[in-house]
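Single-letter residue listing:
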Amino acid sequence: MEYRQLGNTDLRVSMITFGAWAIGGWMWGGTDRKDALQAILASHEYGVTSIDTAPIYGQGLSEEIVGEALRSLRRDSVQILTKFGMRWDEKKGTPAFKSADNAGHIIDIYQYAGKESVIKECEDSLRRLGTDYIDLYQIHWPDSTTPVAETMEALTQLLRQGKIRAAGVSNYSADLMAEAEQTLNLASNQVPYSMVERSIEAELVPYCIENNKAIIAYSSMQRGLLTGKIRPDHVFAPGDHRPNTLFFRPENIRRIDDFLDRLQPLAQSKNVEIAQLVLRWTVQQPGITIALAGARNKEQAIENAKAAQLTLTTEDIEFIDGQLNELNLVGQPSPQKTESPPHSLQNRHQ
């Protein structure tokens, strides 16, 4: 495993980071707690020391499972990345969307990052995770109802108290990052990035490179679509959000499957799976610090971790990019802009 510096902080994180959205079950058709725990522990055995989670993932369940896994690990051998700013338990801020929890109950999600809310959410996350500090604390989505400076002041307070080691953002534009930096020195921005969703290359990547900010890429495998294991007739579990998103329309699945078929000889020549090829391509792109990779069981987790053992040559990268351009897949279709709020997670993010 390769470990990389998180921006201008002293925090080092694993190049492949465990993405813990799916293990929360919410919008992924449920979860198996035992399998989820085994996935986290197997990842760690293969060098994945960083775990990215959030309270909204299962309304606390993902963080609780990560906390349970932490009890089997040395705390200083793991970096916990979590988030704040999406409330289902209080009606403040901007109404984002309606959803259903893992029990099927309808819930209203609000984007809110007022100072008192950030402090409370941090305490709640620390309790669920069973730890006394969070390595990287990130605002999940921009909150239009709270001044950016107010949110950053809350993070500054948490840094002074030692409750967080570094502060970051998620789904922020370059302009919003610059505004936040007037109050706080940010470590990172977590944004969508994959072979077929590269919109951040226009403005955000140059900004982060110039200002030494880490980019944490989520949806690197386009929520499983770039693994080569999903075909147009794939049957998803009840409650899985993916069939309703743009990328998972049958015609787009067919186009991407065609692209992946073209990559298969390259993967075979290197004795790796398509998913490992995809992850390695992602972390070799300019400005990308780490890639999040979700896993529902230990087999998937080990496969993701082994992507770090692969190296792609300049010729390999050029071949992959050539296939993307030939099939006109880059940025097609674009599911979101990073500065836009998630009016419906049926069509967007994380």
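You'll find the structure just up there.
All values derive from a computational prediction rather than experimental measurement.

Draft legend 1. Examining the overall build of the protein more closely. Scanning the protein from N- to C-terminus turns up 10 helices and 13 strands. Counting only residues that meet the buried cut, the protein has 59% of its 350 residues in that class. Contacts in the protein between residues far apart in sequence, at least 24 positions, make up 76% of those at least 6 positions apart. Total accessible area on the protein is roughly 13700 Å²; 46% of this is exposed by carbon and sulfur atoms.

Draft legend 2. Local environment of the packing of helix 3 (residues 115–129) against helix 4 (residues 148–161). Where helix 3 meets helix 4, the axes come as close as 8 Å, and the angle between the chain directions of the two elements is 40 degrees. One way to sum up the angle between helix 3 and helix 4 is to call them oblique. In terms of crossing hand, the pair formed by helix 3 and helix 4 is right-handed. Residues K115, E116, V118, I119 and C122 of helix 3 form the contact with helix 4, whose own contacting residues are E150, T151, E153, A154, L155, Q157 and L158. Its residues placed into classes, the contact of helix 3 with helix 4 shows six nonpolar, two polar and four charged.

Draft legend 3. Region of the structure containing the sheet that holds strand 6 (residues 86–87). One open sheet holds the three strands; their spatial order is 6-8-7, and the pairing between them is antiparallel. Two strands close off the open sheet at either side, each with one partner strand: strand 6 and strand 7 (94–100). Pairing analysis gives six bridges linking strand 7 to strand 8 (residues 106–111), with the strands arranged antiparallel. The partner of S99 across the bridge, within strand 8, is I107.

Draft legend 4. Layout of the sheet that holds strand 5 (residues 79–84). Taken together, the eight strands give a closed barrel; going around it, the order is 3-4-5-9-10-11-12-13, and neighbouring strands pair in parallel fashion. Ignoring which end each strand starts from, the neighbouring axes of this sheet average 30 degrees apart. Both strand 5 and strand 9 (residues 134–139) contribute to a ladder of four bridges, which runs parallel. Bridge pairing links F84 to I139 in strand 9. Contacts from helix 3 reach strand 5, strand 9 and strand 10 (164–170) within the one sheet, and its direction differs from that of strand 9 by about 135 degrees.

Draft legend 5. Representation of the packing of aromatic side chains within the structure. Counting across every chain of the model gives three aromatic pairs. Ring centres of F84 and Y137 lie 4.8 Å apart, and the angle between their planes is 40 degrees; this geometry places the pair in the tilted category. Highlighted residues: F84 in strand 5 and Y137 in strand 9, separated in sequence by 53 residues. As far as burial versus exposure is concerned, F84 and Y137 are alike and both buried. The interplanar angle of 10 degrees and the centroid separation of 6.0 Å between the aromatic rings of Y193 and W281 together place this pair among those described as stacked. Within this pair, whereas Y193 is found in the loop between strand 11 (188–192) and helix 6 (204–211), its partner W281 is found in helix 8 (residues 274–283), the two being separated by 88 residues in sequence. Across this residue pair, the class does not change: Y193 and W281 are buried. For the cation-ring pair, R75 lies above Y133, with the distance from its terminal atom to the ring centre recorded as 4.0 Å.

Draft legend 6. Inspection of helix 10 (residues 314–326) at higher detail. Here helix 10 contains 13 residues, and its C-alpha end-to-end distance of 18 Å stays within 8% of the 18 Å for a straight helix at 1.5 Å per residue. Of the residues making up helix 10, those classed as buried are D316, I317, I320, D321, Q323 and L324. All buried residues of helix 10 lie within an arc of 155 degrees about the axis, which places them on one face of the element. Exposed residues pointing more than 90 degrees away from the buried face of helix 10 are listed as T314, E315, E318, N325 and E326. For helix 10, the secondary structure elements touched by its buried residues are helix 7 (250–269) and helix 8. Phi turns positive one or two residues past the end of helix 10, at N328, with a value near 55 degrees.

Draft legend 7. Spotlight on the pattern of salt bridges. Under the criterion given, the structure shown has 23 salt bridges. A salt bridge links E123 to K163; its shortest N-O distance comes to 2.3 Å. Linking E123 in helix 3 with K163 in the loop between helix 4 and strand 10, this pair joins segments that are 40 residues apart in sequence. One salt bridge in this structure joins R262 and E326, with 3.0 Å as the shortest N-O distance. Taken together, the positions of R262 in helix 7 and E326 in helix 10 put the pair 64 residues apart, joining distant regions of the chain. A single salt-bridge network, built from bridges that share partners, covers R87, D89, E90, K92 and E116.

Draft legend 8. How the structure looks around the environment of W88. Summarising the element assignment, W88 is placed in the loop between strand 6 and strand 7. Linking W88 and S99, residues 11 residues apart in sequence, is a C-alpha distance of 9.5 Å. In this view, W88 contacts P55, I56, Q59, G60, I107, D108 and I109; residues no more than four positions away in its chain are not counted.

Draft legend 9. Molecular detail of the side chain of S77. Tracing the backbone through its elements, the reader meets S77 in the loop between helix 2 (61–70) and strand 5. Note on S77: relative accessible area 13%, which makes it buried. Polar contacts involving the side chain of S77 include one to the side chain of H44, which spans 3.1 Å. A polar atom in the side chain of S77 sits 2.7 Å from the backbone oxygen of R74.

Rules used throughout
Each chain has its residues counted from 1, following the order in which its sequence is written. This being a predicted model, a pLDDT of at least 70 is required before a residue's local features are given, and a value of 80 or more before pairs of side-chain atoms are given or counted; all residues contribute to the totals for chains, interfaces and linings. Note that water and hydrogens are dropped before the side-chain values are worked out from all heavy atoms of the structure. Strands here mean DSSP runs of E at least two residues long; helices mean DSSP runs of H or I at least four residues long; both are numbered from the N terminus. Only protein chains enter the accessibility calculation, which uses a 1.4 Å probe; a residue is then buried when its area is under 20% of its type maximum, exposed when over 50%, and partly exposed in between. Contact definition: two residues touch when any of their heavy atoms are within 4.5 Å. Shrake-Rupley sampling with a 1.4 Å probe provides the accessible areas, and residues are treated as covered by the protein chains on show and by no other component. Axes here mean lines fitted to C-alpha atoms, for a helix over just the part in contact, with angles spanning 0 to 180 degrees between N-to-C directions. Orientation categories follow fixed angle ranges, with anything under 35 degrees roughly parallel, anything over 145 roughly antiparallel, 65 to 115 roughly perpendicular, and all other angles oblique. When the near helix sits turned anticlockwise from the far one by under a right angle, the crossing is termed left-handed; a clockwise turn instead gives a right-handed crossing. Classification used: nonpolar for Ala, Val, Leu, Ile, Met, Phe, Trp, Tyr, Cys and Pro, charged for Asp, Glu, Lys and Arg, polar for all others including Gly. When DSSP finds two or more bridges between two strands, those strands count as paired. Ring pairs are drawn from Phe, Tyr and Trp, using the six-membered ring of Trp, whenever the two centres fall within 6.5 Å, and their geometry is named by plane angle: stacked under 30 degrees, edge-to-face over 60, tilted for the rest. In this scheme, the term charge over a ring applies when either NZ of a lysine or CZ of an arginine sits within 6 Å of the ring centre and within 35 degrees of the ring normal. To estimate how far a helix should extend, the number of its residues minus one is multiplied by 1.5 Å. Regarding the arc, it is the one traced by the directions from the helix axis to the C-beta atoms. A pairing counts as a salt bridge when a side-chain nitrogen of Lys or Arg comes within 4 Å of a carboxyl oxygen of Asp or Glu. Each polar contact in these results corresponds to two N or O atoms within 3.5 Å; when the atoms are within protein, one needs to be able to donate a hydrogen and the other to accept it, and residues that are neighboring in sequence are counted only if both atoms are side-chain atoms.

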